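Structure assessment
Here's the letter readout for the chains.
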Amino acid sequence: MILLNKEDIKKVFSMKDAIEADKKCYALNSEGKFVVPLRPVISTEKGNFCFMPSYCEDMNAAACKIVNIMPGNSALGLPGSIGQVMLFDGETGVAKALLDGTYVTAVRTGAASGAAFDLFGREDAKIGAMIGTGSQAMCQLEAMLTARKLDEVRVAARDFEKTTAFVEKAREELGHYGAKIVACEDTNKAVDGADLVILVTVSHEPVCSAEYFKPGCVISAVGAYQYEMQELDPAVFDKCSRIYFDNMEAVLSESGDILKPLDAGTLSKEQFTGDIGDYILGRIPGRESDDDIIVYENVGFGALDLVAAAQIVEAAEKAGIGTIW
């Protein structure tokens, strides 16, 4: 079995690679190629323990990720989302690899936004905005910068001091993309006029007002993975032209962004466009106008870890990267 830490993975798997891996996963999922049970979650006062198994016969592989989401970790200097991914041979059941699941989660979740921006974002997009500065945020920002050549990205969160520190770090790590990265105290000002928007928080209420989403923007809502969570102002559903999902079944079992307005009667399933994989396969429409506002609600599902892990392990084996155990 090969052991791969974050630095090993970064040597063989770029954000562009991750975006393409997510697209592959979405298409395979829409073709029904995965067995992906809905993830069981153990909720505690300290946080949530999430177990995400998956299997793909076409890839001759299975995987299981255990990701633990602990909001109190930031005070301890630890990532809020932490875990491991195990990759198995689909024929023999032999464990092939153990990967740093904290980084795999961050990169494939960031790539989910990157895939939506690549597929639906306007080609002339120049301004980005991101609400949230937690453990997922750096990869989210990199995915946005990978998908489009932006002039500026505005970052906002609840704690402006932490926002400023995040922006300084982002300038060091992602400055080579050429975009100006700025800290904003006001979330509405951050998204006002932005072409690409990422919401990546654990908020239980909308983090900005829908009135500030400009015509033509793409909004990737990432954080609301439980019913009580809601980042997205439901008023956006009166303005948007398309609503896509990474996995509709998973979203409709978890996400407060969608379930709460459905229960309130302010959103109907007739407004749903469908899974992003169906768009990739040409089954459903994409952007029809430069003014279309597009919402992409994504909660993640285990097959994303399987595809990412399989490609990482293949690349690592070719490069001789990792520790053999």
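The structure displayed is predicted, hence computed values, not measured ones.

About the criteria used
- All chains use their own residue numbering, which begins from 1 and follows the written sequence.
- Only residues with pLDDT of 70 or above have their local features reported here, since the model is predicted, and side-chain atom pairs are shown and tallied only from 80 upward, although totals for entire chains, interfaces and linings are computed over all residues.
- Water and hydrogen atoms play no part in the side-chain values, which are based on all heavy atoms of the structure.
- Classification of ring pairs rests on two measures: the distance between centres of Phe, Tyr or Trp rings, Trp counted by its six-membered ring, which must be within 6.5 Å, and the angle between planes, read as stacked under 30 degrees, edge-to-face over 60 and tilted in between.
- Numbered from the N terminus, helices here are DSSP runs of H or I no shorter than four residues, and strands are runs of E no shorter than two.
- Partly exposed residues are those whose accessible area sits between 20% and 50% of the maximum for their type, while under 20% is buried and over 50% is exposed, using a 1.4 Å probe and protein chains only.
- Here a residue-residue contact requires only that any non-hydrogen atoms of the pair lie within 4.5 Å.
- Any Lys or Arg side-chain nitrogen found within 4 Å of a carboxyl oxygen on Asp or Glu counts as a salt bridge.
- Only C-alpha atoms enter the line fits that serve as axes; for helices the fit covers just the stretch in contact. Angles between N-to-C directions range over 0 to 180 degrees.
- Here a crossing is called left-handed whenever its near helix is offset anticlockwise from the far helix by less than a right angle, and right-handed whenever the offset is clockwise.
- For this classification, Asp, Glu, Lys and Arg are treated as charged, while Ala, Val, Leu, Ile, Met, Phe, Trp, Tyr, Cys and Pro are nonpolar and the rest, including Gly, are polar.
- Here the expected span of a helix is defined as 1.5 Å times the quantity of residues minus one.
- By the criterion applied in these results, polar contacts are pairs of N or O atoms within 3.5 Å in which, for protein atoms, one can donate a hydrogen and the other can accept it, and in which residues neighboring in sequence qualify only through two side-chain atoms.
- Between any two strands, pairing holds if DSSP finds at least two bridges.

Our next topic: the packing of aromatic side chains. Scanning the model with the defined rule gives five aromatic pairs in all. Relative to Phe 301, the ring of Tyr 26 lies with its centre 6.3 Å away and its plane at 35 degrees, an arrangement referred to as tilted. Taken together, the residues Tyr 26 in helix H2 (residues 15-30) and Phe 301 in the loop between strand S15 (294-297) and helix H10 (302-319) connect sequence positions 275 residues apart. Judged by relative accessible area, Tyr 26 falls into the buried class, the value being 0%. Given a relative accessible area of 4%, Phe 301 falls into the buried group.

Quick look at the environment of Ala 170 now. Mapped onto the elements, Ala 170 comes out in helix H5 (residues 160-174). Look at Ala 170 and you get buried, because its relative accessible area is 0%. Ala 170 sits 32 residues away from Met 138 along the chain, and the two C-alpha atoms are 6.9 Å apart. Each residue touching Ala 170, except ones within four places of it in the same chain, is listed here: Met 138, Leu 141, Gly 175 and Ile 181.

The subject of this paragraph is the pattern of salt bridges. For the structure shown, the criterion picks out 14 salt bridges. The salt bridge involving Arg 108 is made with Asp 305; its shortest N-O contact spans 2.9 Å. Here the residue Arg 108 occupies a position in helix H3 (residues 101-120), and Asp 305 occupies one in helix H10, the gap between them amounting to 197 residues. Relative accessible area serves as the criterion here: at 4%, Arg 108 is assigned to the buried category. Among the charged side chains, a salt-bridge network with shared partners connects Glu 20, Lys 23, Asp 118, Glu 123 and Arg 148.

To characterise two packed helices, one gives the angle between the axes of the helices and the distance between these axes. The interhelical angle for the contact between H3 and helix H4 (residues 137-147), taken along N-to-C directions, is 35 degrees, at an axis separation of 8 Å. In this structure, H3 crosses over H4, and the sense of that crossing is right-handed. Of H4, the residues touching H3 (which contributes Tyr 103, Ala 106, Val 107, Thr 109, Gly 110, Ala 111, Ser 113, Gly 114, Phe 117 and Asp 118) are Cys 139, Gln 140, Ala 143, Met 144 and Ala 147. Class assignment of the residues belonging to the contact of H3 with H4 gives a composition of nine nonpolar, five polar and one charged.

Right, let's get into H3. Taking 1.5 Å as the rise per residue, H3 with 20 residues should run 28 Å; its terminal C-alpha atoms sit 28 Å apart, in good agreement. Of all 20 residues making up H3, 18 are buried, and the element is well covered by its neighbours. For H3, the side-chain oxygen to backbone nitrogen distance between the N-cap and Thr 102 is 2.9 Å, and the N-cap itself is Asp 100.

For the rest of this paragraph, the subject is the pairing of strand S5 (residues 61-69). S5 sits mainly inside the fold: seven of its nine residues count as buried. In the sheet, strand S4 (residues 48-56) pairs with S5 via nine bridges, with the strands oriented antiparallel. Within S5, the residue paired with Tyr 55 across the bridge is Ala 62. For S5 and strand S6 (residues 81-89), the ladder comprises nine bridges, and the chain directions are antiparallel. Bridged to Ala 63 within S6 is Leu 87.

Within the fold, Asp 22 resides in helix H2. Asp 22 has contacts with Arg 108, Ala 111, Ala 112 and Leu 304, leaving out every residue within four places of it along the chain.

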